Amino acid sequence: SRAERAARIAGTAGGSATPPPPPPEEEPDPDGTLEVFRLLGVRRTSTPEEIHHAYKRMLMRYHPDRMAANGVNPELKGYYNLKTEEVRMAYELIKGFLGIS
C-alpha cells in the first residue's frame, strides 16, 4: 500500500509514519486541449497577455539559433526546430480555442 511504501522510504517500517498526502486532482482534459496549455506553461484561465508572454518565452528558450549561440551541440538543431514549431502550433491552437486574434 502507499502508506507502507512511504514508511519504508521514511525508514519507519513499523507503520508509524504519516502517509503522504494524496496527489492533487488533475484537471479533466476530455478534448485534449490541456496539453497545448502545458506546452506553453500556462493555465486555461490565463489572460491573453500571459499566454503571449509565455509563447515568446518558450520561443526564445527553444530557438535553434539561440541554442547554437549558447554552445549547444549543433546536432540538436533539428530537435530545437521541431520544438519551436511545436510551440508555434500550440500557440495557434490556444489562440483559436480562446478566440484571440
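Residues numbered from 1 in each chain as written. Predicted model: local features only at pLDDT ≥ 70, side-chain atom pairs only at ≥ 80, totals over all residues. Heavy atoms only, no water.

### Some thoughts on the overall build of the chain
Check the secondary structure of the chain and you find five helices and zero strands. Helices and strands in the chain line up, N terminus first, as α-α-α-α-α. Buried positions account for 25% of the 101 residues belonging to the chain. Looking at the chain alone, contacts between residues at least 24 apart form 41% of all its contacts between residues at least 6 apart. Counting only carbon and sulfur atoms, one obtains 55% of the accessible surface of the chain, whose full area is about 7,400 Å². (Helix = DSSP H or I, 4+ residues; strand = E, 2+ residues; numbered from the N terminus. Buried < 20%, exposed > 50% of the residue type's maximum accessible area, 1.4 Å probe, protein only. Contact = heavy atoms within 4.5 Å. Areas by Shrake-Rupley, 256 points an atom, 1.4 Å probe, with all protein chains shown as cover.)

### With respect to helix α3 (residues 48–62)
Since there are 3.6 residues in each turn of an α-helix, residues three or four apart along the chain are aligned in direction. End to end, α3 covers 21 Å across 15 residues, agreeing with the expected 21 Å (1.5 Å per residue, within 8%). Regarding α3, the residues found buried are I51, A54, Y55, M58, L59 and Y62. Along α3, the residues classed as buried sweep out an arc of 135° about the axis, all on the same side. Set apart from the buried face of α3 by more than 90 degrees, the exposed residues are E49 and H53. (Expected span 1.5 Å × (residues − 1). Arc of directions from axis to C-beta.)

### Some thoughts on the packing of aromatic side chains
For any pair of aromatic rings, the description consists of the separation of the ring centres together with the inter-plane angle of the planes. All told, the structure shown has four aromatic pairs when counted by the stated rule. Measuring from centroid to centroid gives 5.9 Å for F37 and F97, while their planes differ by 80°, and the two rings are edge-to-face. Of this pair, F37 sits in helix α2 (residues 34–40) while F97 sits in helix α5 (residues 77–98), placing them 60 residues apart in sequence. Classification of F37 as buried rests on a relative accessible area of 0%. Overall, F97 belongs to the partly exposed group, its relative accessible area being 41%. For the cation-ring pair, K83 lies above Y62, with the distance from its terminal atom to the ring centre recorded as 5.3 Å. (Phe/Tyr/Trp six-rings, centres within 6.5 Å; stacked < 30°, edge-to-face > 60°. Lys NZ or Arg CZ within 6 Å of the ring centre and 35° of its normal.)

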